[in-house]
Amino acid sequence: IDLRPLRTVDCKGFRDLLTYLEPGYKIPSRTHITKVMRQKHSLGKEQIIEKLQNEAASVALTTDIWTSRQTEAYITVTAHYVSPSWELSSCVLETSSFPEHHTGKEIANKLLECTTTFKIDEKVSCVVHDQASNMELSLKILNGEKGWDSLCCNAHRLQLCLKAGLSVNGIAGLVSSAKKIVAHFRHSVVASEELKKRQAQMETVAKKLIQECATRWNSTFYMCERLVEMRGPVSAVLADAKVTKRKDRLLDLTSDQWLLAEDLVKVLRPFDLAT
């Protein structure tokens, strides 16, 4: 449930805990659990194949290549279809390591291998993907070989448009200033504790500030939204000479920047819902 590694069952602390809780219980080995998981995977895979054969007349795929925290590349392929009872159904076909060079040909081979395994290669109507050139090339190959249509992800296109908009000088300056404010409160225990006190005094819900993540545009929206929501307590802490050093008191946004932040939040909220 919490994504613990299988070797947990071999750890002394874990085994001692279970022995204490239930002395008569025989703890299964990592090998046994691996075997059971593979059996369940095989059974689940066969059930999905059967379901796709019986219910899906046409299938659309979504796919993406992503990198783990250990900088290992993976590819995920998901199938979507409308069942005979007119219900939209989705199932993840594969999330697997993708160490090969991410060329259009290799991606095309991977998608074809996956759909052939699940016996839907003749049912695929289109593949939704991002605008990466290698992904677009793979779909050109598959369109010629299998007739699959290519469809760029609208959410990804919106994200690219928003990133361009957020780079406009005035807005970029606001975002930069907002990031510095959040960083100040995150790195200063005194400031973060004082913020809690000010939130209580002003009878606002105690919430932490949110830092922007460069790879997710909506984190900029969440950061600005939270700052606007916490404007009173944040400004009060930054203006307090007993808590904030002179150089850090200049971190607070100007009146124009606060107004811009409010407008920006209003503009970005529909895009957050859309993506």
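About the cut-offs
Residues numbered from 1 in each chain as written. Predicted model: local features only at pLDDT ≥ 70, side-chain atom pairs only at ≥ 80, totals over all residues. Heavy atoms only, no water. Helix = DSSP H or I, 4+ residues; strand = E, 2+ residues; numbered from the N terminus. Expected span 1.5 Å × (residues − 1). Buried < 20%, exposed > 50% of the residue type's maximum accessible area, 1.4 Å probe, protein only. Arc of directions from axis to C-beta. Contact = heavy atoms within 4.5 Å. Core = buried A, V, L, I, M, F, W, Y, C linked by side-chain atoms within 4.5 Å. Salt bridge = Lys/Arg side-chain N within 4 Å of Asp/Glu carboxyl O. Phe/Tyr/Trp six-rings, centres within 6.5 Å; stacked < 30°, edge-to-face > 60°. Pairing = 2+ DSSP bridges. Right-handed = clockwise from strand over helix to strand, strands pointing away. Patch = residues over 30% accessible without salt bridge, like charges linked within 9 Å, V, L, I, M, F, W, Y side chains within 5 Å. Areas by Shrake-Rupley, 256 points an atom, 1.4 Å probe, with all protein chains shown as cover.

Draft legend 1. A look at helix α7 (residues 189-201). With 13 residues, α7 ought to run about 18 Å at 1.5 Å a step, and its terminal C-alpha atoms sit 19 Å apart, in line with that. For α7, the complete set of buried residues consists of A191, E194, L195, R198 and Q199. All buried residues of α7 fall inside an arc of 145° around its axis, so they share one side. Among the exposed residues of α7, those oriented more than 90 degrees off its buried face are V189, V190, K197 and A200. Summarising the contacts, the buried residues of α7 are in contact with α6 (169-187) and α9 (231-239). Positioned one or two residues after α7, E203 has a phi angle of 55°, which is positive.

Draft legend 2. Local environment of the nonpolar core. Counting residues in each nonpolar core, the largest one holds 28 residues, and the members touching the most others are I181, F185, L209, L227, V234, L264 and L268. When contributions to this core are tallied by element, the ones reaching two or more residues are α5 (154-166), α6, α7, α8 (217-229), α9 and α10 (255-274). If one sorts the elements of this core by residue count, α6 sits on top with seven residues. Among all residues touching L209, those that are not within four sequence positions of it are V182, F185, R186, L195, R226, L227, M230 and V234.

Draft legend 3. View of the pattern of salt bridges. A complete count under the given rule lists 15 salt bridges for this structure. A salt bridge links E122 to K146; the shortest N-O distance between them is 2.7 Å. Note that E122 is positioned in the loop between α3 (104-117) and β4 (124-129) and K146 in helix α4 (residues 133-146), a separation of 24 residues in sequence. Look at E122 and you get exposed, because its relative accessible area is 64%. Here the salt bridges share partners, and the residues they tie into one network are D121, E122 and K146.

Draft legend 4. Region of the structure containing the packing of aromatic side chains. The final tally for this structure, using the stated rule, is two aromatic pairs. Measuring from ring centre to ring centre gives 5.1 Å for W66 and Y74, while their planes differ by 20°; the resulting arrangement is stacked. By relative accessible area, which is 34% here, W66 ends up partly exposed. Its relative accessible area of 22% is what places Y74 among the partly exposed residues. Seen from their ring centres, F221 and Y222 are 5.4 Å apart, and the 55° between their planes marks the pair as tilted. The exposure class of F221 is buried, given its relative accessible area of 2%.

Draft legend 5. How the structure looks around the pairing of strand β5 (residues 149-152). The sheet contact formed by β4 and β5 spans four bridges and is parallel. Looking across to β5, one finds that C126 is bridged to D149. Read as a crossover between parallel neighbours, the route from β4 over α4 to β5 is right-handed.

Draft legend 6. Representation of a nonpolar patch on the surface within the structure. Side chains of L17, Y20 and L21 sit close together on the surface and give an oily, nonpolar patch of about 380 Å² of accessible area. In this structure, Y20 sits in helix α1 (residues 12-21). Assessed through its relative accessible area of 69%, Y20 is described here as exposed.

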